[in-house]
Amino acid sequence: FSILFLAMDYLENFLGEIRGFYTTCLCVTVWLFLPIFNGADYVFRKVLVPLTGQHENMILRDVHNVKMVIMESIPEWHRSSVLQRAADVLSKTEAVSRPERAR
C-alpha cells in the first residue's frame, strides 16, 4: 500500500489537475486490494517476478502448492496415481494444451 501511496503522491504533482485522476487512483486501489480481481497477483507475476528474475522459483513454488493441495484433498489410496499423472504431465517436453474449463 505504501508503494501505491508514494506513486500516487508523486503523480499528483503532475497529473492532479487532470479530470478523473483520483477516480482512476481509487479504481486501481480497489483492483489491487480486492481478491476477486487478482490485481496484486497479476502485478506480482507480470511485473515484480520478471524484474527480479525469479520466474523459475515462482513456478517451483506453484508446483509445491499444487502438490500440497493434492496431498490434502485426494484420498491416500488414490494419491499415488494422481501424483504420477501430474509428474507425467510435467515431464513432457512438448507443449501441453490446456484443458477446457467447466462453465
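Check the entry above for the structure.
The structure displayed is predicted, hence computed values, not measured ones. (Residues numbered from 1 in each chain as written. Predicted model: local features only at pLDDT ≥ 70, side-chain atom pairs only at ≥ 80, totals over all residues. Heavy atoms only, no water.)

Enquirer: Would you mind showing me how to read the overall build of the chain here?
Expert: If you tally the helices and strands in the chain, you get 5 helices and 0 strands. Put simply, the chain runs from its N terminus to its C terminus through helices and strands in the order α-α-α-α-α. Considering the chain as a whole, with its 103 residues, one finds that 10% of them fall into the buried category. Taking as baseline every contact in the chain between residues at least 6 positions apart, the subset at least 24 positions apart corresponds to 18%. (Helix = DSSP H or I, 4+ residues; strand = E, 2+ residues; numbered from the N terminus. Buried < 20%, exposed > 50% of the residue type's maximum accessible area, 1.4 Å probe, protein only. Contact = heavy atoms within 4.5 Å.)

Enquirer: Mind showing me how you'd approach the side chain of Arg 79 here?
Expert: On the secondary structure map, Arg 79 appears in helix α5 (residues 76-91). Buried Arg 79, no salt bridge; nearest opposite-charge side chain is Glu 76, N-O distance 4.8 Å. Reaching out from Arg 79, the side chain makes a polar contact with the backbone oxygen of Met 71 at a distance of 3.1 Å. Among all residues touching Arg 79, those that are not within four sequence positions of it are Ile 70, Met 71 and Ile 74. (Lys, Arg positive; Asp, Glu negative; His and termini not counted. Salt bridge = Lys/Arg side-chain N within 4 Å of Asp/Glu carboxyl O. Polar contact = N/O pair within 3.5 Å; in protein donor to acceptor, adjacent residues only side chain to side chain.)

Enquirer: Looking at this structure, how should I read the side chain of Thr 29?
Expert: Among the secondary structure elements, Thr 29 is positioned in helix α2 (residues 21-33). Take Thr 29: its relative accessible area is 19%, and that puts it in the buried class.

Enquirer: Looking at this model, I keep getting lost on the pattern of salt bridges. Mind explaining?
Expert: Where charged atoms of side chains with opposite charge meet at close range, the side chains can pair. In this structure the tally under the stated criterion is 3 salt bridges. Its salt-bridge partner being Asp 62, residue Arg 45 comes within 2.8 Å of it at the nearest N-O pair. Placement of the pair is Arg 45 in helix α3 (residues 39-52) and Asp 62 in helix α4 (residues 55-73), with a sequence separation of 17 residues. On the basis of relative accessible area, Arg 45 is assigned to the partly exposed category, the value being 24%. The shortest N-O distance in the salt bridge between Asp 62 and Arg 61 comes to 3.4 Å. Judged by its relative accessible area of 39%, Arg 61 falls in the partly exposed class. The network of salt bridges with shared partners includes Asp 41, Arg 45, Arg 61 and Asp 62.

Enquirer: Looking at this model, I keep getting lost on the packing of α3 against α4. Mind explaining?
Expert: Any two packed helices are characterised by the angle at which their axes cross and by the distance between the axes. It is the contact of α3 with α4, at a shortest axis distance of 9 Å, that shows an interaxial angle of 140°. Taken together, the axis directions place α3 and α4 in an arrangement best described as oblique. In this structure, α3 contributes Phe 44, Arg 45 and Val 49 to the contact, and α4 contributes His 55, Met 58, Arg 61 and Asp 62. Across the contact of α3 with α4, the residue classes tally to 3 nonpolar, 1 polar and 3 charged. (Axes fitted to C-alpha atoms, helices over the stretch in contact; angles between N-to-C directions. Parallel < 35°, antiparallel > 145°, perpendicular 65-115°, else oblique. Nonpolar A, V, L, I, M, F, W, Y, C, P; charged D, E, K, R; others polar.)

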